[in-house]
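Letter by letter, the chains look like this.
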Amino acid sequence: MTKQFLLFPLTILLLVSCGRKGEVITPVRRDLVQAVYASGKIFPENGYKVYSKLPGYVEKIHVKVGDSIRVGQALITIKSEVSELNVTAAKNLLELAGRNASDDSPLLKALKQDLASARAKYELDSVNYQRYQNLYKENAGSKLQLDASKTQFEISVQNYLKASNNFYATRDRLLTEYKNAQVQYDAQVSNRSDYTLVSGVNGTVYDVIPKEGELVGTQLALLEIGNTTGFYVELSVDETDIALLEQDQEVLYMIDAYKDKTFTGKIREIYPRISQNNKTSKVLAGIDPGTEVKIFSGMSVEANIIVARKTSILVIPRECLLGTGKVILASGDTVTVKKGAEDLQFVEILAGLEETSEVIKP
């Protein structure tokens, strides 16, 4: 609902009411501030929750609540049995792939022997084929013998090429498997190092949730960290008011811990979605706490978002309105007025009344 905090020390808030009921009043010119009410909580800039990628045990917590931290600093170490098993399995596969790809590999040795045998047979059949060609030219050999030696030579050529292709293809495959196993092993070792979680920001530790030795999963936040000095506010704004908001509008805050102070900020982002649970939209805004007070993450705030500031406008008290936009004149007539901005006490009249009009307070 669009309204203002009466407890904010705004010098521009309107000061008078409309008097006794049944009294005849006339519109007056005043300054008016229209604001939208919102509530929310304070969070640190660049704040985020730290999670583990795999379940495991908290082996070591390197920081405590309130510590100042820097980018890359170790926060917590998780011991994961799954990770250790993955490293062991990857190491075993790497060693196996290395043996298979080495020159002493039984498989490659056997293929080398097959290749050598095929080559020897190819060379022998090549000599025989050449010999029978020479004999045939000298009419010392038959055509049948020549054709048989040629056929045997061609078979030997194909067998040699097949053995050669098989050897080199297998060698290349085993080398590729070895390289892939090396990559997988390096990845698993790297994943294991990921279980010493480090900070991504310079800031403060706001919360440490688990204890050393505790079993944690991937869904449980382990720590909350964020900036030390910079803060923002996450506000909930009623769906009936969200259309009035724009980026960079001024926001006035009251914090329960500092009731005598008003804090300022500006809207940063308006989420274009209404929650079906509470019919509100999320709005992010900055807050300037200054240097005199200490702000804590999670503090609750109430806020006025200034949507209009108008000076010397024609207004009447809100209670003089009937329904959505009618007033009763002193003459007894009922007229329809066009409303503009409004606050808790007054409403701007854009049309329908003059400064000399006499209006009855119902």
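Fair warning: this is a prediction, and the values are worked out from it, not measured in the lab.

**Student:** Is there a simple way to think about the layout of surface pockets in this case?
**Tutor:** One simple way to see leftover space: roll a probe sized like a water molecule over the atoms. In this structure, the largest pocket spans a volume of roughly 360 Å³. Taken together, 16 residues line the largest pocket, and the ones lying closest to its centre are Y206, T228, F231, I295 and F296. Classifying every residue of the lining of the largest pocket by side-chain character gives eight nonpolar, six polar and two charged. Put simply, the second largest pocket is a space of about 150 Å³. Lining the second largest pocket, in full, are F43, P44, G47, Y48, K49, Y206, E224, I225, Y232 and S297. Of all elements in the fold, only β2 (28–44), β3 (48–50) and β10 (223–226) reach the threshold of two or more residues within the lining of the second largest pocket. Residue classes in the lining of the second largest pocket are distributed as six nonpolar, two polar and two charged.

**Student:** How do you make sense of the pattern of salt bridges when you look at a structure like this?
**Tutor:** It is possible for side chains bearing opposite charge to pair when their charged atoms get close. For the coordinates displayed, the defined rule picks out twelve salt bridges. Across the pair D125 and K121 runs a salt bridge, and its minimum N-O distance is 2.6 Å. Placement of the pair is D125 and K121 together in helix α2 (residues 106–137), with a separation of four residues, close to one helical turn. On the basis of relative accessibility, which here comes to 36%, the residue K121 falls in the partly exposed class.

**Student:** Please explain the packing of aromatic side chains as it appears in this structure.
**Tutor:** A ring pair, where both rings are aromatic, is described by two values, the distance of the centres and the angle of the planes. Scanning all chains against the criterion turns up six aromatic pairs. With centroids separated by 5.5 Å and ring planes inclined at 15°, the aromatic side chains of Y129 and F153 adopt a geometry described as stacked. Taken as a pair, Y129 in helix α2 and F153 in helix α3 (residues 143–193) lie far apart in primary sequence, 24 residues in all. Relative accessible area serves as the criterion here: at 18%, F153 is assigned to the buried category. A centroid spacing of 6.2 Å and a plane angle of 70° characterise the contact between Y258 and F263, whose relative ring orientation is edge-to-face. Accessibility expressed as a relative area gives 18% for Y258, which makes it buried. Joined through ring pairs, the aromatic side chains of Y122, Y129, F153 and Y160 make up one cluster. In this arrangement the basic side chain of R131 is found over the ring face of Y132, its NZ or CZ atom lying 4.8 Å from the centre.

What counts as what
Residues numbered from 1 in each chain as written. Predicted model: local features only at pLDDT ≥ 70, side-chain atom pairs only at ≥ 80, totals over all residues. Heavy atoms only, no water. 1 Å grid on protein atoms, 1.4 Å probe; cavity = no way out; pocket = protein on both sides within 12 Å on 5 of 7 lines; lining within 4 Å. Points joined across faces, edges and corners; volume = space filled by probe spheres on them. Nonpolar A, V, L, I, M, F, W, Y, C, P; charged D, E, K, R; others polar. Helix = DSSP H or I, 4+ residues; strand = E, 2+ residues; numbered from the N terminus. Salt bridge = Lys/Arg side-chain N within 4 Å of Asp/Glu carboxyl O. Buried < 20%, exposed > 50% of the residue type's maximum accessible area, 1.4 Å probe, protein only. Phe/Tyr/Trp six-rings, centres within 6.5 Å; stacked < 30°, edge-to-face > 60°. Lys NZ or Arg CZ within 6 Å of the ring centre and 35° of its normal.

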